[in-house]
Structure formats: C-alpha cells, structure tokens
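Chain and residue survey
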Amino acid sequence: MPIIELNHLTKSYGGARGIHDLTFQVEEGEIFGFIGPNGAGKSTTIRTMLGLIYPTSGSAKIFGKDCVQHGPEIKRHIGYLPSEVFYYDNMRVKDLLQYSASFYKKDCRKRMIELAEVLELDMSKRIDDLSLGNKKKVGIVQGLLHEPKLIILDEPTSGLDPLMQQRFFSLLEEENRKGAAILFSSHILSEVQRLCDRVAIIKEGRLIALEKMSDLKDRTYKKFKLQAKNELPEGMFAIEGVTEWNSKNGEASFLYQGDINIVMRRIAELDLLNLWVEEPDLEEIFMHYYAKEA
Amino acid sequence: MNLYRREMRAHLKSLLIWIAGIIAMLAAGMGKFTGMEESGAAMNELMADMPKALQAIMGIGELDIGTPIGYYGVLFLYLLLMAAIHASMLGAAIISKEERDKTAEFLLVKPLSRGRLLLCKLLAALTQVLIFNLVMLTGSILVIGSYTEGESSAGAILSLMAGMLLVQLIFLTVGMAIAGAGRHPKRAVAYSAAVMLLTFLLSMAIKISGHIDYMGVFTPFYYVDAAAVIDQGIGAGYALLSLGITAVALVVLFAGYNRRDMR
C-alpha cells in the first residue's frame, strides 16, 4: 500500500497559482523528493494533503485513507515541519513541545529530550527570543517527537547552519531506517540529491518529471566557466555533451553532460587563470533539460 | 482538553484586565450615587426636563435615579456595552488568531478535527464570558447592597445579569462566526466590533426617535432595556430570539469553518 497517493489532485485559486492534475505515489519506507522553484505549488500540495485546504478536484490519500474524510486519524502518524515556523510567542520551548506532544496519545518525553540534545536546542528559552535557525529546530523536534510514520518537510533546511543540517539529515535517515516514509520538499536540488530515492519535479503547478534519483544523477550536467591566459583555440570544446557555448576574450562558459574526464583533459591543456565548476540550479534544469523534452 | 487549557491560559491576562475594568467601573459609577442620593428628587426633576435625546444617550428613561437600583439601571447600559465589547472581541480573536499568527499550521496538523477544535475554543470562550458575568453579578450585588438598607435588589440584578449573558452569547458567537466562516480572518476582530457598535448605535437611534421601536429586534441592546428588565424581567420573546441568534451563529461557525481553506 502506498503511503501517499495523489490522484489527479487539483487545487485552483482562479489564477495561475495552484496545482493541476497531480498524480504520484510515495511508497513505504521511501524518501521522496518534491522539488520545484518557489511558487510552483509544493506548499499547496502539502497543505492539501494535510487538510489545511481542500482540493478543487481529485483526491489525496495517506495510509490509504482520504485526507479530507479521515484527517484526524491520519494526522496521528504524520510529522510536519512547515517552511516558515510560527509558534505561540509567549510560550517557552518546553511548554510548546509538551503542548504539541499532548495531542498524541503516547509518551513523547524521552524522544523530545533526545531530539533537543542532538540539535542542541535550549528548551528553557522563550520562543520570542529564538533565532530563525533555533525556531526551525523547535519545528523539527515538534515534528518528530511522536515518531511519525510519515514525515512531511516543507523546505526544511532554511535557517539551519551546515552542521545542524547534517545532524538533521542523519536524524531523518535514522527515522527512515526505523520505517518512516519522508516527503522532502525543496527548491535546492543538491540537498534532495543526498537523501532521496525518487523525486517529483513540479513547475507551475504541474508535475513535469518523476524519476529515480540515480537516473537523474546520470543525466545531470555541470556548469563550467573558465578564464584562460590566452585566446581560446577555435573548436577546443567541440565535443559531445557541450551546450550553451559562450566565449569572449579568453573567457568561456558552457554546460556539460557526459564523462567528466573527457572535458577535464581538454581543460588541462589550457593555461588557466581561473575555473568554476558548478551544479546547475533548478531553474536551469528546467530551462535546458526539461524544456527540450516538453 | 489540552486546547481548552491552552486557551484559558492565553486569555487569562486579558480577562484579569477586564475584571479590573468591571470593578473600577462599578466602584466609580456607583460612587457618584452618594452625591446623587441627597438631591434625589431634585435630580429626577432636572433629568426629566432634559431633551429626550439627551436622556436616551445617558440611558435615563423611566428609571428613578434617586434609588440605588434605578441609578444602577442607568449605569447598566455602560456595563452592558463593556460586556458586548469583551464578548465580540474575544469571540473573533479566539478563532482568528490562529490564522493571524500563522499558528493554524501547527494546530490543524495535530490529530484533531476542526469541529473539535471549535468546540474546545467555544468552551474556553464560554467559560470566560461566564466568569465575566459572575464577577459583574457579584460586584453589582455587593456595591448596591452597600447603598440599600433592608429591601434587596438582588432579584432585579439577577435579571439584568441574565440579560447581559444573553447579549454576551450573541456577540461571542457572532464574533466567532465572522472569524470562522468569513474570508478575512485578519480583519475579523474589526468586523465583529463594527457589528457590535452598529447595533449599539441602532439601539440609541431607536430610543432617541421614539417611533421606530419595531427596529428593536435588530439590536440585542434593545432586548435588555434596563428599565423594562428591572420592572418585569426579560421578555420571553427576546430571550428566545437571543438564543435563536446564538444558535444560528454557531451553525454558521461550524459549517463555515469546516468548509473553508485555512490561510
């Protein structure tokens, strides 16, 4: 039985916003990436699954149960971390977490303290006084303390420093090993790459690709930019896999997809001033990669 | 019930401030009666000579301000206005604050249906309105008791407070309905207060004009006119009408909130 099952899920607000005809499934024990640029409809999809908003048509099922009809039952086993964390300001961290735990019919104290320790979260502070990153930590503990079977994360890493990000990812991997499925929404491909088994890519409310991470990686390309001491010889990079070639006054930039060694050998022949090799961002993937297929 | 406790705690400070307000209003208001008592008859004559509009605005109609209960009846209009402000703001805020502060995402993701959420909030709001009313009742009986010797006005005060409770219920549930079913939760408190003030102004207009009494059904302030209540108690029709409005507001609240997208 799939953990999440979206069936032609549509939510329209009358304008360009919203989501259209989304269909995909998240299987048991899977870490599923959900990526797309800002405003693509990731949060709308998640909010519909959580019953905060209602679908215009189509349906969303979690644990095989409809999200609209069986909301409270489903939510017992869901942990959710919103993209922006807002809590009752006049509460202490501890009070908020206990309040959050009080909705679940189980003792969450031990797990709560464990999580707070791993993330180095001071539970005696007031929520008002916390920095963005620390508020995010409260969100993480709050989302995981009841050991949910499905963890839904909406842009979870914003505000976390790299060290905490690592710890957070390890926490997620640990939960995943224990059997939790994870839906990980993000606009940063690289953070999804590390964790996820499969990804759905969404743009302007429509699903444009659904792939295994391994397949996507094979097809991923790199962005090269180099600065040579001398003029670049004509046809130097006329090899297979190079696109978007741009060259001016000894500077060149291009995209490359294929065996990295081939292009590196070519570059090694040059007398370089500088070299940049970058992961393309999502927008570029959409523009150069999926635009071709569409 | 954790949500109920949370709501009680969250509104505790504001409730205490309101209670301090009630006590101050009762003490200051009835304090003036000491001066009035000596010149009771003269004051009554003076008041009777005032233009009708002025009498209406001050809440003096058929009340004998020479007696403690009559004088209290004049004060009651302002006490009632306080209760209405408290109830309408509480009702709108207790629902809309989750969306205003963006905590709806926290609360509605918990295993808790929207109906249950509303029920907990409704119970918390009702408790506070009741506390407000009981403080008002106790305070009124004590303060009037200190001016009257012998004859007790407790019965009249009890009737007035029952009327106040009806008005509180109306504005509380209407406020909740505006916040719960409306499309602009952020503006709910303002809308709720506006509705309350409009009905208050309407009740003034009715008294001043003197010949649009039929408009009275549109304003809860008219249902519990102090002079009439002290004289005969609350009219059964008005009591039923109040409860009816409350019931309709609750239906709108639950149906609207269940169907609506959260912001």
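The rules behind each value
Residues numbered from 1 in each chain as written. Chains lettered and ligands numbered in written order. Predicted model: local features only at pLDDT ≥ 70, side-chain atom pairs only at ≥ 80, totals over all residues. Heavy atoms only, no water. Helix = DSSP H or I, 4+ residues; strand = E, 2+ residues; numbered from the N terminus. Buried < 20%, exposed > 50% of the residue type's maximum accessible area, 1.4 Å probe, protein only. Contact = heavy atoms within 4.5 Å. Areas by Shrake-Rupley, 256 points an atom, 1.4 Å probe, with all protein chains shown as cover. Lys, Arg positive; Asp, Glu negative; His and termini not counted. Charge placed at Lys NZ, Arg CZ, Asp CG, Glu CD. Rg over C-alpha atoms; globule rule 2.2 N^0.38 Å. Salt bridge = Lys/Arg side-chain N within 4 Å of Asp/Glu carboxyl O. Polar contact = N/O pair within 3.5 Å; in protein donor to acceptor, adjacent residues only side chain to side chain. Buried area = accessible area lost by both parts, 1.4 Å probe. Nonpolar A, V, L, I, M, F, W, Y, C, P; charged D, E, K, R; others polar. Pairing = 2+ DSSP bridges. Axes fitted to C-alpha atoms, helices over the stretch in contact; angles between N-to-C directions. Disulfide = S-S within 2.5 Å. Domains from an automatic or database assignment.

Along chain A, the regular secondary structure elements total 10 helices and 14 strands. By its C-alpha atoms, chain A is 70 × 45 × 35 Å across when sized along the principal axes. By the burial criterion, 51% of the 294 residues in chain A qualify as buried. Of all intrachain contacts in chain A linking residues separated by at least 6 positions in sequence, the fraction that spans at least 24 positions is 69%. If you sum the accessible surface of chain A, you get close to 14,000 Å²; carbon and sulfur atoms cover 47% of it. Between the mean site of the 39 positive side-chain charges and the mean site of the 44 negative ones, chain A shows a separation of 6 Å.

Scanning chain B for helices and strands turns up 11 helices and 0 strands. When the helices and strands of chain B are listed from N to C terminus, the series reads α-α-α-α-α-α-α-α-α-α-α. Here the C-alpha radius of gyration of chain B, 20 Å, is about what a compact globule of 263 residues would show, namely 18 Å. Its C-alpha atoms give chain B principal-axis dimensions of roughly 65 × 40 × 30 Å. Per-residue burial for chain B yields a buried fraction of 50% across its 263 residues. Considering only residue pairs separated by 6 or more positions, chain B has 76% of its internal contacts joining residues 24 or more positions apart. Carbon and sulfur atoms provide 69% of the accessible area of chain B, an area that totals close to 11,700 Å².

Residue and element names in this part refer to chain A. Tallied over the entire structure, the rule returns 19 salt bridges over all chains. With a closest N to O distance of 3.3 Å, glutamate 155 and lysine 42 form a salt bridge. Separated by 113 residues along the polypeptide, glutamate 155 in the loop between strand S7 (150-154) and helix H6 (162-177) and lysine 42 in helix H1 (residues 42-49) bring together distant segments of the chain. Taking the relative accessible area as the measure of exposure, lysine 42 reaches 4% and is therefore buried. Note that arginine 111 is salt-bridged to glutamate 114, the shortest N-O span being 2.9 Å. One end of the pair is arginine 111 and the other is glutamate 114, both in helix H4 (residues 109-118) and 3 residues apart, which spans about a single turn. Residue classification places glutamate 114 among the partly exposed residues on the basis of a relative accessible area of 32%. When salt bridges with common partners are traced through the structure, they connect Lys110, Arg111, Glu114, Glu175 and Lys178 into a single cluster.

Moving on to the side chain of B:His11. Residue and element names in this part refer to chain B. Within the secondary structure layout, histidine 11 lies in helix H1 (residues 2-38). On the accessibility criterion, histidine 11 (10% relative accessible area) is buried. Within polar-contact distance, the side chain of histidine 11 engages the side chain of lysine 97 at 3.2 Å. Among all residues touching histidine 11, those that are not within four sequence positions of it are Leu90, Ile94, Lys97 and Gln128.

Residue-level contacts link 24 residues of chain B with 24 residues of chain A. Summed over both sides, the interface between chain B and chain A buries roughly 2,400 Å², with carbon and sulfur atoms accounting for 57% of that surface. Joining chain B to chain A, the criterion identifies 2 salt bridges. Note that B:Asp261 is salt-bridged to A:Lys11, the shortest N-O span being 2.4 Å. There are 15 residue pairs in polar contact (both at pLDDT 80 or more) connecting chain B and chain A. Per-element tally for the side of chain B that touches chain A: the top contributor is helix H5 (residues 104-107) of chain B, with 4 residues. Of the residues contributing to the side of chain B that touches chain A, the split by class is 9 nonpolar, 4 polar and 11 charged.

Before going further, it helps to spend a moment on the sheet that holds strand S13 (residues 251-256) of chain A. Residue and element names in this part refer to chain A. Spatial ordering of the open sheet is given by S12-S13-S11-S14, a layout of 4 strands whose pairing is antiparallel. A strand with exactly one partner marks an edge of an open sheet, and here the two such strands are strand S12 (242-248) and strand S14 (272-278). Along the sheet, successive strands turn relative to each other by an average axial angle of 10 degrees, direction set aside. Of the pairings in the sheet, the one linking strand S11 (residues 222-228) to S14 comprises 6 bridges and is antiparallel in character. Considered in S14, the bridge of lysine 225 is made with tryptophan 276. Those strands touched by helix H9 (residues 260-268) are S11, S13 and S14, and its axis lies near 10 degrees from that of S11.

A few words on the pairing of strand S3 (residues 31-35) of chain A. Residues and elements named next belong to chain A. Most of S3 is tucked away: 5 of the 5 residues are buried. As defined by bridge partners, S3 adjoins strand S8 (residues 181-186) across 5 bridges and the pair is classed as parallel. Among the inter-strand pairings, isoleucine 35 is bridged to a residue of S8, identified as serine 186. Where S3 and strand S9 (residues 198-203) come together, 4 bridges link them in parallel fashion. From the neighbouring strand, glycine 33 faces S9, where its bridge partner is valine 199.

Formally, a disulfide is one covalent bond, and it connects the sulfur atom of one cysteine to the sulfur atom of another. Summed over the entire model, instances satisfying the criterion amount to 0 disulfides over all chains. With no disulfide partner, A:Cys67 has as its closest neighbouring cysteine sulfur the one in A:Cys196, 20 Å distant. Its relative accessible area of 4% is what places A:Cys67 among the buried residues. Between A:Cys108, a free cysteine, and B:Cys120, which holds the nearest cysteine sulfur, the sulfur-to-sulfur gap is 18 Å.

The subject of this paragraph is the domain arrangement of chain A. Per the domain assignment, the segments of chain A are domain 1 (4-216) and domain 2 (221-278). Here domain 1 of chain A and domain 2 of chain A have C-alpha centroids that lie 40 Å from each other.

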